[in-house]
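This is what each chain is made of:
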Amino acid sequence: MFGKITIGSRESRLAVIQSEIVQRYIQEHCPGLSVEILTMKTTGDKILNQPLENIGGKGLFVKELDAALLDGRSDLSVHSLKDVPMELPEELPLIAFSAREDVRDALILPEGVKELDFSKPVGCSSRRRMLQFAQLYPQAVFQPIRGNVQTRLKKLDSGEYCATILAAAGLKRLGLEHRVSRYFTTEEMVPAAGQGILAVQGRAGEDYRYLAGYSDAAAEACALAERAFVRALGGNCSTPVAAYAWVTPDTEPLSDGLLQMGVFYFDEETGRNFRDSLAGSIEAPEELGKALAERIRTQMSENNHS
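Residues numbered from 1 in each chain as written. Predicted model: local features only at pLDDT ≥ 70, side-chain atom pairs only at ≥ 80, totals over all residues. Heavy atoms only, no water.

Student: An account of the pairing of strand 2 (residues 33-40) is needed here, citing residue identities and associated values.
Tutor: As paired strands, strand 1 (residues 3-10) and strand 2 are joined by 8 bridges and run parallel to one another. In the strand pairing of strand 2, Ile-7 is matched with Ile-37. (Pairing = 2+ DSSP bridges. Helix = DSSP H or I, 4+ residues; strand = E, 2+ residues; numbered from the N terminus.)

So this is what it looks like as structure tokens:
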């Protein structure tokens, strides 16, 4: 196979590193293809002074990339799956999922600081993280923080905040693992759906054989289950909802394993949060997600009538 492939990417350092992971895979497995990365600043990268939910949600991180795919300027887009909207245009499907990096959230303190100082706010814009962090540290107060990882670390180190919370996967890909003060377990802080997984998006009907072998079957099953759960509850980027699926035992063949999932959901109307877990068939990941969503709905209904 010969020709040129263009990967669309946000221009942040992390986004480029993630696109380079896919670029290297294609170059190693299809040496006849030349692969370049086309970077662009998305609307979500430009507007940093307002919460995401006020300006249109996570779709603002993919709008420009989608446009480049549709008009042929790019052949693929590489995203952090947790940033990909739950509803996608049919003509731009997700075509591959990377093996999962560390799924956990991590606590970051200012450079040289060893203890949390709650006289200052925690820099955090994710309500999912804030609600779960407040269960661990009820004395915490929060102030929004936006920008790429390096921008957030700079704000943190300048003394504006006592801490921030970031995805361990991004820190590891950036070589910033040394900044982690502690990792939260997935029970303490249920991760965002898709956290730690890279999603490759393409155009419907195109030939993507050069990506054969890139997609990780376990990560794909987990991604489908997590996203089905969020979608079934009508979740969007501002909904405090979390889902983490994993396969046990983590051995081949995958079909012998069990798909398990833990979830977190905050009911805006009652101010109550709900946690639950369930196991299902790895062959039907979306059914597991829908079943857990139904269980959460039942719990909410029982709570409202009690």
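Student: Before we move on, could you go through the sheet that holds strand 6 (residues 122-123) and cite the residues and values that matter?
Tutor: In spatial order, the strands read 7-6-8-5-9; together these 5 strands make up an open sheet with mixed pairing. Looking along the sheet, the strands with just one partner apiece sit at the ends: strand 7 (142-143) and strand 9 (180-183). Contacts between helix 5 (residues 127-136) and the sheet are confined to strand 5 (105-108), strand 6, strand 7 and strand 8 (163-167), with strand 8 contributing the most and set at about 120° to the helix. Sitting on the sheet, helix 6 (residues 149-157) touches strand 5 and strand 8, and the angle it makes with strand 8 is about 165°. (Contact = heavy atoms within 4.5 Å. Axes fitted to C-alpha atoms, helices over the stretch in contact; angles between N-to-C directions.)

Student: Outline the pattern of salt bridges, listing residues and values.
Tutor: Enumeration according to the criterion identifies 21 salt bridges in this entry. Among the salt bridges present, the one from Lys-82 reaches Asp-83, with a minimum N-O distance of 3.8 Å. Exposure remark for Asp-83: the relative accessible area of 12% places this residue in the buried category. Through salt bridges with shared partners, one network takes in Asp-102, Arg-104, Lys-172 and Glu-177. (Salt bridge = Lys/Arg side-chain N within 4 Å of Asp/Glu carboxyl O. Buried < 20%, exposed > 50% of the residue type's maximum accessible area, 1.4 Å probe, protein only.)

Student: Now, about the packing of aromatic side chains: what can you tell me, with residues and values included?
Tutor: Geometrically, a pair of aromatic rings is defined through the distance of the ring centres and the angle of the planes. One pass over the full model with this rule turns up 7 aromatic pairs. Measuring from centroid to centroid gives 5.2 Å for Tyr-25 and Tyr-214, while their planes differ by 65°, and the two rings are edge-to-face. Here Tyr-25 is found in helix 1 (residues 13-29), whereas its partner Tyr-214 is found in the loop between strand 10 (198-201) and helix 8 (217-232), with 189 residues between them in sequence. On the basis of relative accessible area, Tyr-25 is assigned to the buried category, the value being 13%. Given the relative accessible area of 10%, Tyr-214 is considered buried. Aromatic pair Phe-118 and Tyr-137: ring centres 5.7 Å apart, planes at 45°, arrangement tilted. Taken as a pair, Phe-118 in the loop between strand 5 and strand 6 and Tyr-137 in the loop between helix 5 and strand 7 lie far apart in primary sequence, 19 residues in all. The exposure class of Tyr-137 is buried, given its relative accessible area of 18%. An aromatic cluster is present here, built from Phe-118, Phe-133, Tyr-137, Phe-142 and Phe-184 joined pairwise through their rings. (Phe/Tyr/Trp six-rings, centres within 6.5 Å; stacked < 30°, edge-to-face > 60°.)

Student: Report on unusual backbone geometry, specifying residues and quantitative values.
Tutor: With an omega of -15°, the peptide bond running from Thr-248 to Pro-249 counts as cis. In this fold, Pro-249 is placed in the loop between strand 11 (241-248) and strand 12 (258-267).

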